[in-house]
Amino acid sequence: MEGLSVGSVLLTGCDGGLGLGLLKGLLEQPSPPRHIFAACLDPQGKAVNEVALGFPNVMILPLDVTDPNSIKAAVGKVQEEVGNAGLNLLINNTSTTRRSTLATETAENMSLVYTTNTIGPLQTSQAFLPLLKKAAEATGQREMSCSRAAIINISSILGSIEVAEAWEERQDICYRCSKAALNMLTKCLALEYGSSGILCVSVDPGHVTPPLEQGMGPVTLEESVRGVLQLLAQLSATSNGTFWDWRGQRLPW
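Everything numeric here is computed off the predicted structure, so don't read it as measured data.

Visitor: Teacher, can you tell me more about the sheet that holds strand 5 (residues 150-154) here?
Guide: Across a sheet, paired strands are connected by hydrogen bonds in the backbone, their directions being either parallel or antiparallel. In space, the seven strands of this open sheet follow the order 3-2-1-4-5-6-9, with parallel pairing throughout. Looking at which strands have only one partner, the edges of the open sheet turn out to be strand 3 (58-62) and strand 9 (243-245). The sheet shows a mean angle of 20 degrees between the axes of neighbouring strands, taken without regard to direction. Here three bridges tie strand 1 (residues 8-11) to strand 4 (residues 89-92), and the two strands are oriented parallel to one another. In the sheet register, Leu-11 faces strand 4, and the bridge partner there is Ile-91. Lying on the sheet, helix 1 (residues 17-27) is in contact with strand 1, strand 2 (35-40), strand 3 and strand 5; it crosses strand 1 at an angle near 165 degrees.

Right, dumping it as structure tokens:
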């Protein structure tokens, strides 16, 4: 199967976990991106710098998706690198959670998790829209794809209202609600940005272990990364505003 072929990618949450795994996966593609912007809270982090070592196409960026000034600075740095070619692919991967039940959930938890998981992708998508539009216009492609211009929101099956998976094992109200809201954001982005040729999709990467301590799969990080990147290579206009999992199966909202 052909790999994901894309000129430039900005990937948030590269400090560890899935973000770091996706960074490795992008570098292992048959035709790696010319520009990979690995966005981190800690750009001096050992793990991301070890992965990026020896790859001149990787730029490690400081980025806090909850801070508009940090996002604005990142946009400026990406603009300097990509110029009129724009940014082809934005992967909103940064995520957080607080373990909770319906009985123990708090307003503080809800606010903190929602700010990172839902408002963060909103602000980041808004800020990078001009560069995504440039890419959509510059590539010469007519069909929507991740190679042309796309926003991928890393969501979770736990945010599916219809499925409401694993309630007995993991209630985590703040996380479920934030991902359900992220899925609605994906739909809104698709409705608004689709006419500009920008593909917008939610993706559940599976219950990656680690970091989950118990059950829920497990799906290894390597399996998840391989599946997500294969999925991204196959997405098209008919996928705009939809929800998929790492196995390439469409999920209900």
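Visitor: Please explain the side chain of Thr-124 as it appears in this structure.
Guide: Tracing the sequence through the fold places Thr-124 in helix 4 (residues 107-138). Not counting the four nearest positions on each side in its chain, Thr-124 is found in contact with Val-65, Ile-71, Leu-90 and Asn-92.

Visitor: I would appreciate a short explanation of the packing of helix 4 against helix 5 (residues 173-193) in the present structure.
Guide: Relative orientation of the contacting elements helix 4 and helix 5 amounts to 20 degrees, with a least axis distance of 8 Å. With respect to their mutual orientation, helix 4 and helix 5 come out roughly parallel. Along this stretch, helix 4 crosses helix 5, giving a crossing that reads as right-handed. Touching Asn-109, Met-110, Val-113, Tyr-114, Asn-117, Thr-118, Pro-121, Leu-122, Ser-125, Gln-126 and Leu-129 of helix 4 are Ile-173, Cys-174, Tyr-175, Cys-177, Ser-178, Lys-179, Ala-181, Leu-182, Leu-185, Leu-189 and Tyr-193, all from helix 5. Broken down by class, the residue content of the contact of helix 4 with helix 5 amounts to 15 nonpolar, six polar and one charged.

About the cut-offs
Residues numbered from 1 in each chain as written. Predicted model: local features only at pLDDT ≥ 70, side-chain atom pairs only at ≥ 80, totals over all residues. Heavy atoms only, no water. Pairing = 2+ DSSP bridges. Helix = DSSP H or I, 4+ residues; strand = E, 2+ residues; numbered from the N terminus. Axes fitted to C-alpha atoms, helices over the stretch in contact; angles between N-to-C directions. Contact = heavy atoms within 4.5 Å. Parallel < 35°, antiparallel > 145°, perpendicular 65-115°, else oblique. Left-handed = near helix turned anticlockwise from the far one by under 90°. Nonpolar A, V, L, I, M, F, W, Y, C, P; charged D, E, K, R; others polar.

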